[in-house]
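Okay, here's what each chain looks like letter by letter:
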Amino acid sequence: MIDPFNVTDFGRTERELEEYLFFCIAVANKTARIIAPKIAMFLEAALPGESPFDCVLRLEAEGRLLEELQRAKTGKYTTLVPSYPDAARRLRGRLATVALDELMTLKGVGEKTSRYFVLHSRRDHGRIAVIDTHILKYLRQLGHDVPKGLPKGDGYARLERLVIAAAEAAGMSMPDFDLAVWSHYASKGVKPPLPVLRSTAETAA
């Protein structure tokens, strides 16, 4: 099962990457600690030795994909029913290298979800950042002018640059920074404190 409090794993096998992609698609705008066990429950439908991708394609062929998603109460059925088989057909064996743009051709996958998948599964993830409600709150706390909702395109890119600069100013890797901010707000401040910037100069808008 995906550990929602420690999603970073650069050594995932192909099967583990398949499960992680399913989790990433399902968890968008949902609560990670609730969705993780639901994805694990859904994949209990797999036959011995069957990968997540193979399981989904078999369930689709048998007309049982929606039924099994509903059994696990994953929600987002209108997204997951087309998106999971599409990923299984097109991305098999390529999840360790598939580009962000191609990930975003899957239903339910945009800038945030594609980056969430890549950032926490590849050591060589490039200069990317996941912009979610927690990151927006953190940027607002730093004094940046940020929108209430998740932006797209140029708006996303602007915030992404701010987050990357903040992580660098805190002396943290982007995955660690992302998890630190998420853990702090998701736990209502119980988890580790917010990253402290060594310098605010780099985070100026």
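These remarks concern the structure in this document. All of these numbers come straight from a predicted model, not from anything done at the bench. The written sequence of each chain sets the order in which its residues are numbered from 1. The predicted origin of the model limits local features to residues at a pLDDT of at least 70 and limits the giving and counting of side-chain atom pairs to 80 or more, whereas totals for whole chains, interfaces and linings rest on all residues. Hydrogens and water are ignored here; the side-chain numbers use all heavy atoms of the structure.

Glancing now at a positive patch on the surface. Two distance rules govern patches: like charges are joined within 9 Å, and nonpolar side chains (Val, Leu, Ile, Met, Phe, Trp, Tyr) within 5 Å, applied only to residues with over 30% relative accessible area and no salt bridge. Under the convention used here, a 1.4 Å probe and the Shrake-Rupley method define accessible areas, while residue burial counts only the protein chains that appear. The salt bridge criterion pairs a side-chain nitrogen of Lys or Arg with a carboxyl oxygen of Asp or Glu, the two atoms within 4 Å. We treat Lys and Arg as the positive residues and Asp and Glu as the negative residues; His and chain ends play no part in the count. To locate a charge, the coordinates of NZ of Lys, CZ of Arg, CG of Asp or CD of Glu are taken. Together, Lys137, Arg140, Lys148 and Lys188 make up a region of like positive charge exposed at the surface. Relative to the helices and strands, Arg140 is located in helix 8 (residues 133-141). The buried label goes to any residue with under 20% of its type's maximum accessible area, the exposed label to any with over 50%, and the partly exposed label to all in between, with areas taken from a 1.4 Å probe on protein chains only. Overall, the relative accessible area of 39% leaves Arg140 in the partly exposed class. Runs of E in the DSSP output that reach at least two residues are strands. Runs of H or I that reach at least four are helices, and both are numbered from the N terminus.

A separate point is the layout of surface pockets. Definitions used throughout: a 1 Å grid over protein atoms alone; a cavity as a set of points that fits a 1.4 Å probe which cannot get out; a pocket as an open set with protein on both sides within 12 Å along at least five of seven lines; a lining residue as one with an atom within 4 Å of a point. Grid points are joined across faces, edges and corners, and a volume is the space filled by probe spheres set on the points. Reported here for the largest pocket is a volume of approximately 620 Å³. Residue lining of the largest pocket: 28 residues in total, with Lys30, Ala32, Asp132, His134 and Trp182 positioned closest to the centre. Going through the elements one at a time, helix 1 (14-27), helix 2 (32-42), helix 7 (111-119), helix 8 and helix 10 (174-186) are the ones with two or more residues in the lining of the largest pocket. A total of five residues in the lining of the largest pocket trace back to one element, the largest contributor, which is helix 10. Of the residues assigned to the lining of the largest pocket, the class counts are 13 nonpolar, nine polar and six charged. Lining the second largest pocket are Ala28, Asn29, Lys76, Gly108, Val109, Gly110, Glu111, Lys112, Thr113, Leu150, Pro151 and Lys152. The residue classification treats Ala, Val, Leu, Ile, Met, Phe, Trp, Tyr, Cys and Pro as nonpolar and Asp, Glu, Lys and Arg as charged. All others, Gly included, are polar.

For the rest of this paragraph, the subject is the nonpolar core. Judged by nonpolar contacts, the single largest core of 65 residues is most densely connected at Leu21, Phe23, Tyr84 and Phe177. For this core, the element with the highest residue contribution is helix 1, accounting for nine residues. Throughout this description, the term nonpolar core refers to a set of buried Ala, Val, Leu, Ile, Met, Phe, Trp, Tyr and Cys residues connected via side-chain atoms within 4.5 Å.

This part takes up the packing of aromatic side chains. Each Phe, Tyr or Trp ring, with Trp reduced to its six-membered ring, pairs with another whose centre is within 6.5 Å; inter-plane angles below 30 degrees give stacked pairs, above 60 give edge-to-face pairs, and intermediate values give tilted ones. Per the stated rule, a full pass over the model turns up nine aromatic pairs. Measuring from ring centre to ring centre gives 4.0 Å for Phe22 and Tyr84, while their planes differ by 20 degrees; the resulting arrangement is stacked. With Phe22 in helix 1 and Tyr84 in helix 5 (residues 77-90), the pair connects residues that are 62 residues apart, well separated along the chain. Across the pair, Tyr84 and Phe22 agree in class, each one buried. Between Tyr138 and Phe177 the ring centres are 5.6 Å apart and the planes differ by 75 degrees, which places this aromatic pair in the edge-to-face class. Within this pair, whereas Tyr138 is found in helix 8, its partner Phe177 is found in helix 10, the two being separated by 39 residues in sequence. Considered together, Tyr138 and Phe177 belong to a single accessibility category, that of buried residues. A cation over a ring is seen here: Arg12 above Tyr20, with NZ or CZ 3.9 Å from the ring centre. The rule for a charge over a ring is simple: NZ of Lys or CZ of Arg within 6 Å of the ring centre, and within 35 degrees of the ring normal.

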